[in-house]
Amino acid sequence: MLIFMPRRRAAALLVSAALGAALLTGCSDDVSCGVDQCTVTLQRDTNASVEVLGVEAEFVSADDDTVTLEVAGQQVTLTKGQQAVEVGGLQFSLSSVTKSAIQVQVSK
C-alpha cells in the first residue's frame, strides 16, 4: 500500500495542474487570472470585448457606477459595490469604472 501513495499524490498534482491550466485558458492581455478568478479590463470603446474562461464579454455602456455588458449572448448590468451576477456559469462583479476603462472580476 505504501508503494501506491506516491503515485496517488503524483496523480493528484497532475490533476491540480491541469485544472489550473484550464482556468487560465482564454486569458489574454486584457485579462489577468489567478487560480479561481480573473480580472478583466475593458476599454470604454464601442464593441470592446474579451474572452474570459471560455465566455465572451463585450462592453455595451457605462455610467459612473453601472456597466452593461453582453455576456454569453445576454445583456447584464453590473453595479459597483453590488453582489456578483451569474451569467454563463460564471460570477461577474464590477470592480471599477473610469473615463477610459472598466474593470470586472470574473470567477467560477
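Residues numbered from 1 in each chain as written. Predicted model: local features only at pLDDT ≥ 70, side-chain atom pairs only at ≥ 80, totals over all residues. Heavy atoms only, no water.

Engineer: Which parts of the structure should I look at to understand the overall build of the protein chain?
Structural biologist: Along the backbone of the protein chain there are 1 helix and 9 strands. Secondary structure of the protein chain in N-to-C order comes out as α-β-β-β-β-β-β-β-β-β. Within the span of the protein chain, comprising 108 residues, buried residues form 28% of the whole. Long-range pairs, those at least 24 residues apart, make up 32% of the contacts in the protein chain with a sequence separation of at least 6. Counting every atom, the protein chain has about 6900 Å² of accessible surface; 51% of that belongs to carbon and sulfur. (Helix = DSSP H or I, 4+ residues; strand = E, 2+ residues; numbered from the N terminus. Buried < 20%, exposed > 50% of the residue type's maximum accessible area, 1.4 Å probe, protein only. Contact = heavy atoms within 4.5 Å. Areas by Shrake-Rupley, 256 points an atom, 1.4 Å probe, with all protein chains shown as cover.)

Engineer: How should I be thinking about the nonpolar core in this particular structure?
Structural biologist: Side chains of a nonpolar character, in soluble globular proteins, are inclined to be buried together. Membership of the largest hydrophobic core comes to 24 residues, with the highest contact counts inside it found for Leu69, Val71, Phe92, Ile102, Val104 and Val106. Elements with a contribution of two residues or more to this core: strand S2 (37-43), strand S3 (49-52), strand S4 (55-62), strand S5 (66-71), strand S6 (74-79), strand S8 (90-97) and strand S9 (101-107). In terms of residue count, the dominant contributor to this core is S8 (4 residues). Those residues in contact with Val71 that sit more than four places away from it in its chain are Val55, Glu56, Ala57, Val76, Val87 and Phe92. (Core = buried A, V, L, I, M, F, W, Y, C linked by side-chain atoms within 4.5 Å.)

Engineer: Looking at this model, I keep getting lost on the state of the cysteines. Mind explaining?
Structural biologist: Two cysteines, two sulfur atoms, one covalent bond between them: this is a disulfide. In this structure the tally under the stated criterion is 1 disulfide. The residue that forms a disulfide with Cys33 is Cys38, at a sulfur-sulfur distance of 2.1 Å. Taking the torsion about the sulfur-sulfur bond, which here is approximately 100°, the covalent link between Cys33 and Cys38 counts as right-handed. Owing to a relative accessible area of 1%, Cys38 belongs among the buried residues under this scheme. (Disulfide = S-S within 2.5 Å.)

Engineer: What's the story with the environment of Val31 in this structure? I'm lost.
Structural biologist: Mapped onto the fold, Val31 is located in strand S1 (residues 31-33). By relative accessible area, which is 9% here, Val31 ends up buried. Between the C-alpha atoms of Val31 and Val104, which are 73 residues apart in sequence, the distance is 9.6 Å. In this structure Val31 touches Cys38, Thr39, Val40, Val50, Glu51 and Val52, once residues within four positions along its chain are discounted.

Engineer: I would appreciate a short explanation of the sheet that holds S6 in the present structure.
Structural biologist: In sheet architecture, strand pairing relies on hydrogen bonds along the backbone and comes in two forms, parallel and antiparallel. If you trace the 4 strands from one edge of the open sheet to the other, you get S3-S4-S5-S6, paired in antiparallel fashion. Unpaired on one side and paired on the other, S3 and S6 mark the two borders of the sheet. Strand-to-strand twist in this sheet, taken as the mean axis angle between neighbours without regard to direction, amounts to 30°. Here S5 runs beside S6; their pairing, made up of 6 bridges, is antiparallel. (Pairing = 2+ DSSP bridges. Axes fitted to C-alpha atoms, helices over the stretch in contact; angles between N-to-C directions.)

Engineer: Would you explain the side chain of Thr68 in this entry?
Structural biologist: Take Thr68: it is sitting in strand S5. Those residues in contact with Thr68 that lie beyond four places of it in its chain are Glu58, Phe59, Val60, Ser61, Gln75, Val76 and Thr77.

Any link to function would need more than the numbers given here.
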